[in-house]
Amino acid sequence: MSQDVAVITGSSGGIGRAIAKVLSEKSSGELRLGLHYKGNAEAAKALHSEIPNSFLIQADLSTSVGRGALLEACLKEGNPYILVNNAGIDKPHEPALNIREDSLDLILGVNFKTPALLMRDFAKEMIKSGSGVIVNVSSILAKKALTGSAVYRASKAALEALTKQLAFEWGPKGVRVNAVSPGFIETAMTETIGPETRNLIRQEIALGQFGAAEAVALAVAHLIENDYLNGAVLSVDGGMRL
Ligand code: NAD
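Residues numbered from 1 in each chain as written. Predicted model: local features only at pLDDT ≥ 70, side-chain atom pairs only at ≥ 80, totals over all residues. Heavy atoms only, no water.

Draft legend 1. A look at the nonpolar core. Grouped together as the largest cluster of nonpolar side chains are 29 residues, with contacts concentrated most on Ile19, Leu23, Leu33, Val84, Val180, Val220 and Ile224. Of all the secondary-structure elements, those providing two or more residues to this core are β1 (4–8), α1 (14–26), β2 (32–37), β4 (79–85), β5 (132–137) and α7 (213–225). A total of eight residues in this core trace back to one element, the largest contributor, which is α7. Setting aside residues no more than four positions away along its own chain, Ile224 makes contact with Leu23, Ile82, Val84, Val133, Val135 and Arg176. Grouped together as the second largest cluster of nonpolar side chains are 25 residues, Val7, Ile57, Phe122 and Met126 included. (Core = buried A, V, L, I, M, F, W, Y, C linked by side-chain atoms within 4.5 Å. Buried < 20%, exposed > 50% of the residue type's maximum accessible area, 1.4 Å probe, protein only. Helix = DSSP H or I, 4+ residues; strand = E, 2+ residues; numbered from the N terminus. Contact = heavy atoms within 4.5 Å.)

Draft legend 2. Looking closely at the side chain of Ser12. On the secondary structure map, Ser12 appears in the loop between β1 and α1. Beyond its immediate sequence surroundings of up to four residues, Ser12 is in contact with His36, Tyr37, Gly39, Asn40, Ala43 and Ala44.

Draft legend 3. Focus on the packing of aromatic side chains. Applying the stated rule across the entire model yields one aromatic pair. A ring pair is formed by Phe184 and Phe210, whose centres lie 5.6 Å apart and whose planes are at 45°; its orientation type is tilted. Of the two residues, Phe184 is situated in the loop between β6 (175–182) and α6 (195–204) and Phe210 in the loop between α6 and α7; the sequence distance between them amounts to 26 residues. When sorted by exposure, Phe184 lands in the same class as Phe210, which is buried. (Phe/Tyr/Trp six-rings, centres within 6.5 Å; stacked < 30°, edge-to-face > 60°.)

Draft legend 4. Inspection of the sheet that holds β2 at higher detail. Taken together, the seven strands give an open sheet; going across it, the order is β3-β2-β1-β4-β5-β6-β7, and neighbouring strands pair in parallel fashion. The open sheet has two edge strands, β3 (54–58) and β7 (233–236), and neither has a second partner. Taking the axes of each pair of neighbouring strands and ignoring which way they run, one obtains an average angle of 20° across the sheet. As paired elements, β1 and β2 share four bridges and run parallel to each other. Residue pairing in the sheet places Val5 in a bridge with Arg32 of β2. Sheet strands touched by helix α3 (residues 64–77): β1, β2, β3 and β4. Its angle to β3, the strand with the most contacts, is close to 160°. (Pairing = 2+ DSSP bridges. Axes fitted to C-alpha atoms, helices over the stretch in contact; angles between N-to-C directions.)

Draft legend 5. Main features of the environment of Lys143. By the element assignment, Lys143 lies in the loop between β5 and α5 (150–170). Separated by 95 residues in sequence, Lys143 and His48 place their C-alpha atoms 35 Å apart. What Lys143 contacts, discounting residues up to four positions off in sequence, is Arg153, Glu160, Val233 and Arg241. In this structure the side chain of Lys143 is engaged in a polar contact, spanning 2.8 Å, whose partner is the side chain of Glu160. (Polar contact = N/O pair within 3.5 Å; in protein donor to acceptor, adjacent residues only side chain to side chain.)

Draft legend 6. Main features of the site of the ligand. Close to the ligand lie 29 residues; Ile15, Asn86, Tyr152, Ile185 and Thr187 are nearest. Between the ligand and the protein, one listed contact pairs an oxygen atom with a backbone N or O atom of Gly183 at 3.4 Å. Across the complex, the protein chains shield 90% of the 830 Å² of accessible surface that the ligand would expose by itself. Within the residue set of the shell around the ligand, elements represented by two or more residues are α1 and α5. Grouping the constituent residues of the shell around the ligand by class yields 13 nonpolar, 13 polar and three charged. (Near = heavy atom within 4 Å. Areas by Shrake-Rupley, 256 points an atom, 1.4 Å probe, with all protein chains shown as cover. Nonpolar A, V, L, I, M, F, W, Y, C, P; charged D, E, K, R; others polar.)

Draft legend 7. The arrangement of unusual backbone geometry in detail. For the peptide bond that leads from Lys91 to Pro92, omega is 10°, which places it in the cis range. By secondary structure assignment, the location of Pro92 is in the loop between β4 and α4 (101–129). Look at Ser28: it is not a glycine, yet its phi comes out positive at around 50°. Since its relative accessible area comes to 64%, Ser28 is described here as exposed. With a phi close to 55°, Asn53 is a non-glycine residue in the positive phi region. Residue position: Asn53 is located in the loop between α2 (41–50) and β3.

Here is the structure:
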């Protein structure tokens, strides 16, 4: 029987890396982990060397060639059982009056269109084999206004809506679809936030600080492990929208 494969997109980034490590630890190396990356080959190779039973896939997922390569690599390695759509971008930040058409194409492309098409293609394989689990990485900003983040917000809100729709359509076929909604997490994405803005944001978080990528990774693992979770959006934000 071929081995179950879990693919994590954007695994060379902060949250992706943590997800790969937690899934590997929780499965005691049993799951074969597909570590996708786009750039930052050094970080990807370092992660690969730390994770037993893993393989690397380099692809720009905003192209159909890149998405096709990801699925093909995964099928070569085993049975696509888990897909974590983690790759994402939050820039450019633009006040709503200045939103550019190419920013819309870029952010909606990476954060919404890419996971939508990956889910369609991976789910076909999961349904063939009778089961699968998908987790999408959304954001607290799907439900919260922040000047400059209109397109990012829309992309993540669309991803959450799609998560629920697909959970409804594919649950009966054995495929569960959930999402995790991180608040402000210490990664490359948030390191450019200046000290003043950082303080203002911290004041809005009940726990008073940005979160660690591992907290998001543990939530992703929970969404995978708990077999009665379907269409759920789990917040990991230290209590930010209470
Ligand atoms: P990160 O910048 O460290 O990682 C993002 C990853 O996405 C990188 O590995 C990058 O290579 C990949 N990526 C970007 N464009 C891609 C493309 N076209 N094709 C393939 N891969 C691409 O940031 P992170 O904080 O680890 O973000 C991971 C996810 O978490 C994103 O979806 C982000 O929106 C979400 N998120 C992050 C935060 C936060 O505070 N850091 C909060 C909420 C949600």
